[in-house]
Amino acid sequence: MTSASREKKERGWFKEEFGNPERRMAYYMVLPAVLIIVVIAFFPVLYGVVLSFTDSTVTAFGSFVGLENYVEMFQDPDFLVGLSNTVIFTVVSVTLEFIFGLGIALAVNRAFRGRGLVRAAILVPWAFPTVISAVMWRLMFQPGIGIFQYVAQSIGIISGPVLSDPTLLLIAAILIDVWKTTPFMALLLLAGLQVIPGEVYEAARVDGANVYQRFFRITLPLLKGAILVAVLFRTLDAYRIYDLFYAFGAKELQSLSTYVYEGVRISQLQFGPGNAAAVFIFVTAFLIALFFIKVLGMRTSTEE
Amino acid sequence: MASATAAGKGTGRRSLNMVLFYVFVAIFVFVSVFPLLWVFKMSIVTKTELFATPPTILPQDLSGDSWSTVLGDSTFQRALINSSIISGVTTVICLFFGSIAAYAIARMRFRFKGTVMTLILAISFFPGVAIIAPLFIQFTAVGIIDTYAAVIITDTVFALPLTIWLLVAFFRELPVDLEDAAKVDGATTIQAFRKVIVPLAAPGVFTTAILTFIFAWNEFLFANTFLFDESTQPVTVVIPNFATIYTVDYGSQAAASVVVTVPLVILVLIFQRRIVSGLTAGAVKG
Amino acid sequence: MIERREQKLGMPTGRGYSRRDFLKVGGAGLAGAALLGTAGCGGGGAGSGKLIFSMSSPVPTFDALLNKFSKQNKGEIEATLREMPANSSTHYDKLTTEFQAGGGDIDVIGGDVIWAIQFAAQGYIQDLSDDFPESEQEKFLPGPISAMIYEDAIYGIPWFTDAGLIYYRKDLLEKAGFSGPPETWDELKEMALKTAKDTGTKNGFVFQGMNYEGGVCNGCEFIWTHGGEVLSEVTGGEVVIDSSEAVAGLETYASMVADGVAPEAVANYDETTSEPVFGAGDAVFLRDWPGYYGLLGIPTKDGGYPNLKPEQVGIAPIPVAEPGMQSYSALGGWNQFVNAATDSQEEAVTFAKFMIATEQEKSLALDGGLRPTRKALYEDPDLQEASPVIELAKEIIFSNAKSRPVNEYYGDISLELAEQFNNVLTGDTSPQEAAETLQQSLSDIMEQAD
């Protein structure tokens, strides 16, 4: 696009956008999805943001208090623990899920005997109902009756109940989440791999490229789009982790979202900081996404 | 695919690679499946053995009680139907609106693409637990509380971002002149779409379909809050109720979990075949 | 090149979508029609002669009672049961969501005893003082009644009740040479250790020490039986948890694990994980609720412990610090509340009164195994025969049941107590530190209460 045509665009952009039938069609196509999201989510998100600046309680709408809730939140040790747990959890689990997911996707992408069954088996963790998952895992780590607690203790890597130690709990939660969500990553990456035409590899082999070169020069770049989407969404999900920490850790494991939940649903006095934390999650998640888009070069449109 | 045929050649080194490969695969399969096997074991042993210290590896006292409780429970049966309806409709709606929007974003020209994409993504920034109360108020005002609609709409809203972003990524990978090339070969526009674009995008479409279905199937928070009675509640809400005020029937919950997981996996197995066959339609030739 | 693409895409985009997508449209349309048709009719009920009663984990008796009520009031009121989640916190959550949204359509609420004051303070439930005067209140157990009172008005009617108590293995104690249950905590520790050793039992004492509401019950019992208090009045007054008595209570609590009387695992136990330990014969003592007694000797299919017979087990009050001191048990139980937003005020009260009538409470006790809240029923010979725990636990339920320090901010109070009590058990915090921390945090909360 030359600067001349760009100027022309800016001057008459409204007509250009909505006067052009093709453009209008594009907007129509995008409209339903955007509309659903905005209509449903707009009010609740706005509600939460407004509440975070007031001293409201669950029942009564309060008065404007500026940044008081945020200050209280940042000084609350529970919040800080939740923040650190969440960040560690997100970074470690997403990294592991990516590595294992990519490995599985590459493995399953080849043709080998039993591939169909392997693909089905790999998906089991993701299909397992989340609401029971945390409860079952808690039983598996329960001192005395839990198989994992028993094995780990027998091997000697831990000495006390996992469920009582915040660090061990976090590690266990990370492992459980990696178990559960690697299939998600693997599935996305597999789909990405399947779109790469076989001819590209053939051509490269003919040119004399070895396995590593093929992987790093062909596979990874062509997979970049799928990788970035997968990693971005996993990061956002991990950042908002709630069910796993709450049900598995039974209040011993704090995350940003459990902090929000306690503030907004259980406690009466932490309602303000709870909402502030929700907004905090919102803003920081936005920054994370921005990072992915701008810095990691995730493209949002076809316009180069 | 190329590397697979290469590995088929039988030098000693290649055989070692194959063995390592199978070991690697076997480990992953075992790790993935073991907890389900353990939960299955929980569902077929007596309560006494369930709480045995130390835990037994192989089941010893078998009991069919958990399974008979679960399979005979009409609430659970109804819940399976509810889950299927909610997940199915969510997936269809999501795919429909999602793929239309993704296609427009990926292949058509208009301004504000970045804004639109970010707006769609924005719902993924907000923790579900924080907006549950205002959502409830909204839906009560509109009168759809205690209907499938409330949960389907919410699930769609939360599944759309991934659907759209993923499909955009896939549609964008398709060569720019694909439609043109097909038409040069004599296809009409519609044929071009059906025979060229759709099969190539199939992996992405089916993958999002699977992921959306499973997401809606496992969703708990919204279903629990918006649905009041058994006629609409899905399995995620019903399973924890295999409990009384005083005890929790872990055995039945374990059995129910197995009942709920295995069909999902089979469903996915069926769909995954379609991903592969979509590719071998031989769409891209030169 | 670009222009040609635009031209080509101009027209067909609208109609050029593949056939598969048309199927999707059709599918979505059909689905839309289907869900409109199958959507459960929500929001009926109140004001139209239909009464909605909400309760979790209904026993079959509930349905029978509701049918009986509907028959008795045929033509005028019909009562339906709305089942709530079995998990207490999920249940509470669901109720508060509906209340926040303007009340919801539940008319009568079956609620936990610790919810009464929280709901009352936020205006969610009705003041029932006119319909439930003191002359009536006297017929009920004092413990539950006191938990329903907020600002001199009564907000709920006790329906069935619970109180913490000690289960002990009569047979094992005998073998170890003890003639009866312990009266003091020191006695319990001594008996537990010796009996476990002599009889080869894995654990001396198990209880619910996890970081949750049950943990608050357990910890409070230790504090109260040492003469300490959390608040100076049941639901108000000053925070007095840093008294030496309360600290002594916490020290005994911590010593259970530290001295090996209870396994480390108790810090992760709730009812569902501590009961099987005792049920498998792996503990000499168990602290639990009266409902557990009904599970002894019955098949696992019904949730019971067939290998442990009632004859082997005895019930005793919670031990105390020094002989002669008053024993206390945490009060539990469920009650009838009327939604402040109900359209059917009169009918709701009629229903609530029906459910707590002597006849109904007796049915619940006989068929459902629940503990009545009417004092007179404890003398009823039918009940005594059918449910031995009624006789055994009568004294405890009548005299020892004490309400947790519930006030309108109990949500916050409970979070603090649960956490510190758990820290004391795991050894993360010393009892003295825990008491001081609680003194501070609870005082902060109480300040807001004014």
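Residues numbered from 1 in each chain as written. Chains lettered and ligands numbered in written order. Predicted model: local features only at pLDDT ≥ 70, side-chain atom pairs only at ≥ 80, totals over all residues. Heavy atoms only, no water.

**With respect to the overall build of chain C**
Line of reasoning, step 1. Assigned secondary structure in chain C consists of 20 helices and 15 strands.
Line of reasoning, step 2. Relative to its 450 residues, chain C shows a buried fraction of 59%.
Line of reasoning, step 3. Pairs at least 24 apart in sequence give 74% of the contacts found in chain C among residues at least 6 apart.
Line of reasoning, step 4. By element, 48% of the accessible surface of chain C is carried by carbon and sulfur atoms, the whole surface being about 17200 Å². (Helix = DSSP H or I, 4+ residues; strand = E, 2+ residues; numbered from the N terminus. Buried < 20%, exposed > 50% of the residue type's maximum accessible area, 1.4 Å probe, protein only. Contact = heavy atoms within 4.5 Å. Areas by Shrake-Rupley, 256 points an atom, 1.4 Å probe, with all protein chains shown as cover.)

**Observations concerning the packing of helix α7 (residues 130–141) of chain A against helix α9 (residues 166–195) of chain A**
All names here are of chain A.
Line of reasoning, step 1. Axis separation between α7 and α9 bottoms out at 12 Å; the angle between their running directions is 135°. Taken together, the axes of α7 and α9 are oblique relative to one another. Note on packing geometry: the crossing formed by α7 with α9 is right-handed. Packed against α7, whose contacting residues are T130, W137 and F141, the element α9 presents A172, I176, W179 and K180 at the interface.
Line of reasoning, step 2. Per-class residue counts for the contact of α7 with α9 are five nonpolar, one polar and one charged. (Axes fitted to C-alpha atoms, helices over the stretch in contact; angles between N-to-C directions. Parallel < 35°, antiparallel > 145°, perpendicular 65-115°, else oblique. Left-handed = near helix turned anticlockwise from the far one by under 90°. Nonpolar A, V, L, I, M, F, W, Y, C, P; charged D, E, K, R; others polar.)

**Some remarks on a nonpolar patch on the surface**
Line of reasoning, step 1. On the surface, V38(A), F42(A), L46(A), V50(A), F61(A) and L119(B) cluster together into a nonpolar patch covering about 540 Å² of accessible area.
Line of reasoning, step 2. For the nonpolar patch, the element with the most residues is helix α3 (residues 21–52) of chain A, which contributes four residues.
Line of reasoning, step 3. Along the chain, V38(A) turns up in helix α3. (Patch = residues over 30% accessible without salt bridge, like charges linked within 9 Å, V, L, I, M, F, W, Y side chains within 5 Å. Salt bridge = Lys/Arg side-chain N within 4 Å of Asp/Glu carboxyl O.)

**Concerning the side chain of S255(C)**
Residue and element names in this part refer to chain C.
Line of reasoning, step 1. Assignment of secondary structure puts S255 in helix α12 (residues 244–258).
Line of reasoning, step 2. For S255, a relative accessible area of 11% translates into the label buried.
Line of reasoning, step 3. A polar side-chain atom of S255 sits 2.9 Å from a polar atom in the side chain of K189.
Line of reasoning, step 4. With near-sequence residues (within four places) excluded, S255 lies in contact with K189 and G260. (Polar contact = N/O pair within 3.5 Å; in protein donor to acceptor, adjacent residues only side chain to side chain.)

**Some words on the domain arrangement of chain A**
Residues and elements named next belong to chain A.
Line of reasoning, step 1. Splitting chain A by domain gives domain 1 (3–52) and domain 2 (77–295).
Line of reasoning, step 2. If you look at the interface, domain 1 gives five residues, while domain 2 gives six residues.
Line of reasoning, step 3. Where domain 1 abuts domain 2, roughly 370 Å² becomes buried across the two surfaces, and 80% of that area is made up of carbon and sulfur atoms.
Line of reasoning, step 4. Inspection of the region where domain 1 meets domain 2 yields zero salt bridges.
Line of reasoning, step 5. Viewed at the interface, domain 2 and domain 1 are joined by zero residue pairs in polar contact (both at pLDDT 80 or more). (Domains from an automatic or database assignment. Buried area = accessible area lost by both parts, 1.4 Å probe.)

**A few points about helix α15 (residues 358–368) of chain C**
Residue and element names in this part refer to chain C.
Line of reasoning, step 1. Buried within α15 are the following residues: Q360, E361, S363, L364 and A365.
Line of reasoning, step 2. Structurally, α15 contributes buried residues whose contacts are with α4 (60–72), β6 (157–163), α14 (345–355), β14 (371–372) and α16 (381–386).
Line of reasoning, step 3. Downstream of α15 by one or two residues, G369 has phi in the positive range, about 70°.

**Structural notes on the interface of chain B and chain A**
Line of reasoning, step 1. Contact residues are listed per partner, giving 103 residues for chain B and 101 residues for chain A.
Line of reasoning, step 2. Of the roughly 9600 Å² buried at the junction of chain B and chain A (both faces included), carbon and sulfur atoms supply 77%.
Line of reasoning, step 3. Put simply, chain B and chain A have zero salt bridges between them.
Line of reasoning, step 4. There are six residue pairs in polar contact (both at pLDDT 80 or more) connecting chain B and chain A.
Line of reasoning, step 5. Counting residues per element, the ones that place at least two in the side of chain B that touches chain A are α1 (2–8), α2 (12–44), α5 (74–107), α6 (113–122), α7 (128–142), α8 (148–173), α10 (189–218) and α13 (250–279) of chain B.
Line of reasoning, step 6. Partitioned by chemical class, the residues of the side of chain B that touches chain A number 82 nonpolar, 15 polar and six charged.

**Notes on the environment of V92(A)**
Line of reasoning, step 1. Tracing the backbone shows V92(A) in helix α5 (residues 77–109).
Line of reasoning, step 2. V92(A) sits in the partly exposed class, given a relative accessible area of 31%.

**Side note on the pattern of salt bridges**
Line of reasoning, step 1. Applying the stated rule across the entire model yields 21 salt bridges over all chains.
Line of reasoning, step 2. With a closest N to O distance of 3.1 Å, R265(A) and D93(C) form a salt bridge. Here R265(A), found in helix α13 (residues 256–266), pairs with D93(C), found in helix α5 (residues 88–100), and the two come from separate chains. One exposure class covers both R265(A) and D93(C), and it is buried.
Line of reasoning, step 3. Among the ionic pairs, D105(C) bridges to R82(C), the shortest N-O distance being 3.1 Å.

**What to know about the sheet that holds strand β8 (residues 203–206) of chain C**
All names here are of chain C.
Line of reasoning, step 1. Read from one edge of the open sheet, four strands run β8-β11-β7-β12, paired in mixed fashion. Looking along the sheet, the strands with just one partner apiece sit at the ends: β8 and β12 (313–316). Across the sheet, the mean angle from the axis of one strand to that of its neighbour is 15°, orientation sign disregarded.
Line of reasoning, step 2. Two elements, strand β7 (residues 165–169) and strand β11 (residues 283–288), share four bridges in a ladder whose sense is antiparallel. Paired with Y167 across the strands is L286, a residue of β11.
Line of reasoning, step 3. Docked against the sheet, helix α13 (residues 271–279) engages β7, β8, β11 and β12, running at close to 150° with respect to β11. (Pairing = 2+ DSSP bridges.)

**As for the domain arrangement of chain C**
For an interface, size is often stated in terms of accessible area lost upon the parts coming together.
Residues and elements named next belong to chain C.
Line of reasoning, step 1. Each assigned domain of chain C is listed here: domain 1 (50–162 + 332–402) and domain 2 (163–330 + 405–449).
Line of reasoning, step 2. Centre-to-centre separation of domain 1 and domain 2, based on C-alpha positions: 27 Å.
Line of reasoning, step 3. Roughly 1800 Å² of surface becomes buried between domain 1 and domain 2 when both sides are summed, with 67% attributable to carbon and sulfur atoms.
Line of reasoning, step 4. Together, I396, N400 and K402 form the three largest contributors to the area buried by domain 1 at its contact with domain 2, with a combined 34%.
Line of reasoning, step 5. If you look at where domain 1 meets domain 2, you find one salt bridge.
Line of reasoning, step 6. Among the salt bridges present, the one from K402 reaches E229, with a minimum N-O distance of 2.6 Å.
Line of reasoning, step 7. Linking domain 1 with domain 2 are six residue pairs in polar contact (both at pLDDT 80 or more), by the criterion used here.

**Focus on the pairing of β11(C)**
All names here are of chain C.
Line of reasoning, step 1. For β11, the tally of buried residues reaches six of six residues, placing the bulk of the element in the interior.
Line of reasoning, step 2. Of the pairings in the sheet, the one linking β8 to β11 comprises three bridges and is parallel in character. The residue bridging V206 from the neighbouring strand is L286, located in β11.

**Let's talk about unusual backbone geometry**
A negative phi angle characterises most non-glycine residues, just as the trans form characterises most peptide bonds.
Line of reasoning, step 1. Within the chain, A250(A) stands out as a residue other than glycine whose phi angle is a positive 45°.
Line of reasoning, step 2. Take A250(A): it is sitting in the loop between α12 (243–249) and α13.
Line of reasoning, step 3. The phi angle at E151(C) is positive, at roughly 50°, despite the residue not being glycine.
Line of reasoning, step 4. Turning to its location among the elements, E151(C) is positioned in the loop between β4 (149–150) and β5 (153–154).

**Some thoughts on the pairing of β12(C)**
Residue and element names in this part refer to chain C.
Line of reasoning, step 1. Of the two faces of β12, the one carrying V313 and I315 and the one carrying G314 and A316 are both buried.
Line of reasoning, step 2. Examined bridge by bridge, β7 and β12 share four bridges and lie antiparallel to one another. By the bridge assignment for β12, R169 is matched with V313.

**Regarding the packing of aromatic side chains**
Line of reasoning, step 1. Applying the stated criterion across every chain yields a total of 68 aromatic pairs over all chains.
Line of reasoning, step 2. A centroid spacing of 5.6 Å and a plane angle of 75° characterise the contact between F141(A) and F248(A), whose relative ring orientation is edge-to-face. Placement of F141(A) in helix α7 and of F248(A) in helix α12 is noted, with a sequence separation of 107 residues between them.
Line of reasoning, step 3. The class for F141(A) is buried, based on a relative accessible area of 11%.
Line of reasoning, step 4. Members of the aromatic cluster, each reached through a chain of ring pairs, are F128(A), W137(A), F141(A), F148(A), W179(A), F248(A), F30(B), F34(B) and W38(B).
Line of reasoning, step 5. Above the face of the W38(B) ring, K41(B) is positioned so that its terminal group lies 4.2 Å from the ring centre.
Line of reasoning, step 6. Between R287(C) and the ring centre of W289(C), over which it is positioned, the NZ or CZ distance is 4.5 Å. (Phe/Tyr/Trp six-rings, centres within 6.5 Å; stacked < 30°, edge-to-face > 60°. Lys NZ or Arg CZ within 6 Å of the ring centre and 35° of its normal.)

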